[in-house]
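# Chain and residue survey
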Amino acid sequence: QVQLVESGGGLVQAGGSLRLSCVASISRFSINSMGWYRQAPGKQRELVATIIPSGSTNYADSVKGRFTISKDNAKNTVYLQMNSLKPEDTAVYYCNVKNWGSEYWGQGTQVTVSS
């Protein structure tokens, strides 16, 4: 009965910022990694950023220097701070958690960047 609930999506102009949040109803001790993926119209779902319990992070080349992933263990929440947004960032963004061979997905939140 794992649930991941995303929030923070919306419509912004190019150059603007958004902060996505994902609250997970799962013990942090069972988590191998947390991350954000996105799927743009007509494209396959792609990895955006991941974070592991130690705090180490990984980013897609397309978002390095613009996006920051972080977590708050007390709130069981992972965040994605998105700055300098571009129209090509437009997509549905999904929260993801992996634990010992299983993975879980949020319902997705729409991010639209206008030009």
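Along every chain, residues carry numbers that run from 1 in the direction the sequence is written. Per-residue local features of the predicted model are confined to residues with pLDDT of at least 70, and side-chain atom pairs are confined, for both listing and counting, to 80 or more; whole-chain, interface and lining totals are unaffected and use all residues. As a rule here, side-chain values come from all non-hydrogen atoms in the structure, and water together with hydrogens is ignored.

We now examine the side chain of N96. Secondary structure elements are defined from DSSP: runs of H or I of at least 4 residues count as helices, runs of E of at least 2 residues count as strands, and each element is numbered from the N terminus. Mapping N96 onto the fold places it in strand β9 (residues 91-99). Two N or O atoms count as a polar contact when they lie within 3.5 Å, although within protein this holds only if one can serve as hydrogen donor and the other as acceptor, and sequence-adjacent residues are included solely when both atoms are side-chain atoms. Separated by 3.0 Å, the side chains of N96 and K98 make a polar contact. Only 3.5 Å separates the side chain of N96 from the backbone oxygen of Y104, close enough to count as a polar contact. The criterion used for residue contact is that any of the two residues' heavy atoms lie within 4.5 Å. Apart from the residues lying within four places of it in its own chain, the contact partners of N96 are L4, S33, M34, G35, Y37, E103, Y104 and W105.

Let us look at the side chain of S30. Position of S30 relative to the elements: it lies in the loop between β3 (18-24) and β4 (33-39). Residues in contact with S30, not counting those within four places in the same chain, are K98, N99 and W100.

Attention now moves to the environment of T57. In this structure, T57 sits in strand β6 (residues 57-59). With a relative accessible area of 38%, T57 lands in the partly exposed category. The sequence separation of T57 and S70 amounts to 13 residues, and the corresponding C-alpha distance is 8.4 Å. Contact partners of T57, with chain neighbours within four places excluded, come to T50, I51 and I69. Accessible area is worked out with a 1.4 Å probe on protein chains only. A residue is then buried under 20% of its type maximum, exposed over 50%, and partly exposed in between.

Cysteine sulfur pairs qualify as disulfides if the two atoms are within 2.5 Å. Following the criterion strictly, the structure yields 1 disulfide and no others. Two residues share a disulfide in this structure: C22 and C95, whose sulfurs sit 2.1 Å from each other. Torsion about the S-S bond of the C22 and C95 cystine: about -85 degrees, corresponding to left-handed handedness. Of this pair, C22 sits in strand β3 while C95 sits in strand β9, and the two are 73 residues apart along the sequence. By relative accessible area, C22 is classed as buried at 0%.

Let's shift gears to the packing of aromatic side chains. Stacked, edge-to-face and tilted are the three classes for Phe, Tyr and Trp ring pairs, Trp counted by its six-membered ring, which pair at centre distances within 6.5 Å; planes under 30 degrees apart are stacked, over 60 edge-to-face, the rest tilted. For the structure shown, the criterion picks out 1 aromatic pair. Ring centres of Y37 and W105 lie 5.1 Å apart, and the angle between their planes is 70 degrees; this geometry places the pair in the edge-to-face category. Note that Y37 is positioned in strand β4 and W105 in strand β10 (residues 102-105), a separation of 68 residues in sequence. Between R19 and the ring centre of Y79, over which it is positioned, the NZ or CZ distance is 4.2 Å. Only lysine NZ and arginine CZ atoms are considered, and such an atom sits over a ring when it is within 6 Å of the ring centre and within 35 degrees of the ring normal. Positioned above the aromatic ring of W105, the side-chain terminus of R45 is 3.9 Å from the ring centre.

Another point: the environment of K86. When you line up the elements, K86 lands in the loop between β8 (77-82) and β9. When the C-alpha atoms of K86 and V12 are compared, they prove to be 9.5 Å apart, with 74 residues separating the residues in sequence. Among residues more than four places away in sequence, those in contact with K86 are R66 and V113.

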